[in-house]
Amino acid sequence: MVEKHLRDVVLSDEGLDDFQDVVKDCHTKRDKQRSLRLRSVVSIFNGCSTKHVVYQTSGQFRGENISWFKAACFPALASLMLTPLIIYKIFPPEIKHTADAPNMAKTKLEQMGPVKRNEWIMLGTMLVTVALWIDGESLDIKSVVAAMLGLSALLILGVLSWDDCLSEKSAWDTLAWFAVLIGMAGELTTLGVVSWLSKCVANLLKALSVGWHLEILILQSVYFLIHYLFAGQTAHVGALYSAFLQMHLTAKVPGTLSALALAFNTCLFGALTHYSSGQAAVYYGAGYVKLPDVFKLGIVMAFINIIIWGLIGSPWWKILGLY
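Residues numbered from 1 in each chain as written. Predicted model: local features only at pLDDT ≥ 70, side-chain atom pairs only at ≥ 80, totals over all residues. Heavy atoms only, no water.

> What exactly am I supposed to notice about the environment of alanine 251 here?
Tracing the backbone through its elements, the reader meets alanine 251 in the loop between α13 (233-250) and α14 (255-268). Measuring from C-alpha to C-alpha, the distance between alanine 251 and glycine 211 comes to 7.9 Å, with 40 residues separating the pair along the chain. Apart from the residues within four sequence positions on either side, alanine 251 is in contact with Trp212 and Glu215. (Helix = DSSP H or I, 4+ residues; strand = E, 2+ residues; numbered from the N terminus. Contact = heavy atoms within 4.5 Å.)

Pasting the structure below:
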């Protein structure tokens, strides 16, 4: 039943157009409330708007909503527990022992004294801004507007000065190259490069004539690695999710498994590069990790997480009856 509904929507001539409409409409109040009930453990790694888009495209084509939490819980928890340990081994910190840290923190707090006016304002502004970012759509306030309101409040109340903003060189640097990369990703889609790559993958699978178990591995790998061409996850989902879901269904991959696997994959490639997601750009902008190390760690951890999800997720999804 799931496969039939997915084919009716995705494989139709209007499928891609419908998907673009979904992208535009997925943040309505009703849909957002439904999506909030489907928060999966993958949100621990990447709480992003792409899950709303994915859910609207593939998650409501049956009587009961797909349980993201149930399908993701075991592989996600395994990744959550193993990732810090693996990173510690392959990219160890320069300082491993901080026995004096508690005493240093206590001394600094004593020097700082009680919470000051500007600090209370900063705390209040942050809470309001985060609240608007989470549920601002119900008030017709976009996340960008919420961020600008928070910054404006801090500037007007004197917590920050414009010189403070100008001194954040890493933030301006991130804004400059991230904007360029987003523009390049958009042009790749506009010029047909992305659709051409999708057709090449589809033709390759048709020529190989292998079973769906191997085809899903090939499709998921291509969907993951092609993220090097995209700045951010939403652009990737908007350009490729529907096309790759179509290829999965054509290859006779079970519909629910196809939709969820692509959704989880979308969350996992958020740390592939310094421009692969908004949060990755912020982490890189902090300046603690050099760019070559970002790329090395990104691809190494990508393969490790894929292995974790493959070894733990596959039998778990079999138990759940996804295939």
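> What is the right way to read a nonpolar patch on the surface from this model?
A contiguous nonpolar surface patch, about 820 Å² in accessible area, is contributed by Val115, Trp120, Leu123, Met126, Leu127, Val130, Trp133 and Ile134. Inspection of the secondary structure puts tryptophan 120 in helix α7 (residues 117-135). (Patch = residues over 30% accessible without salt bridge, like charges linked within 9 Å, V, L, I, M, F, W, Y side chains within 5 Å. Areas by Shrake-Rupley, 256 points an atom, 1.4 Å probe, with all protein chains shown as cover. Salt bridge = Lys/Arg side-chain N within 4 Å of Asp/Glu carboxyl O.)

> Can you help me understand unusual backbone geometry in this one?
Only a minority of non-glycine residues have a phi that is not negative, and only a minority of peptide bonds are not trans. Its identity is not glycine, yet aspartate 140 carries a phi of approximately 60 degrees, on the positive side. Within the secondary structure, aspartate 140 sits in the loop between α7 and α8 (143-156). A positive phi angle is found at lysine 252, which is not glycine, with a value near 70 degrees. Tracing the sequence through the fold places lysine 252 in the loop between α13 and α14.

> Help me understand α13 in this model?
Structural remark: α-helix, 3.6 residues per turn; residues separated by three or four positions point the same way. The terminal C-alpha atoms of α13 lie 24 Å apart, and with 18 residues this matches the ideal 26 Å at 1.5 Å per residue to within 8%. At leucine 240, α13 shows its largest kink, close to 45 degrees. Counting buried positions along α13 gives 13 out of 18 residues, so the element sits mostly inside the fold. (Expected span 1.5 Å × (residues − 1). Bend = angle between axes of the 7 residues up to and from the residue. Buried < 20%, exposed > 50% of the residue type's maximum accessible area, 1.4 Å probe, protein only.)

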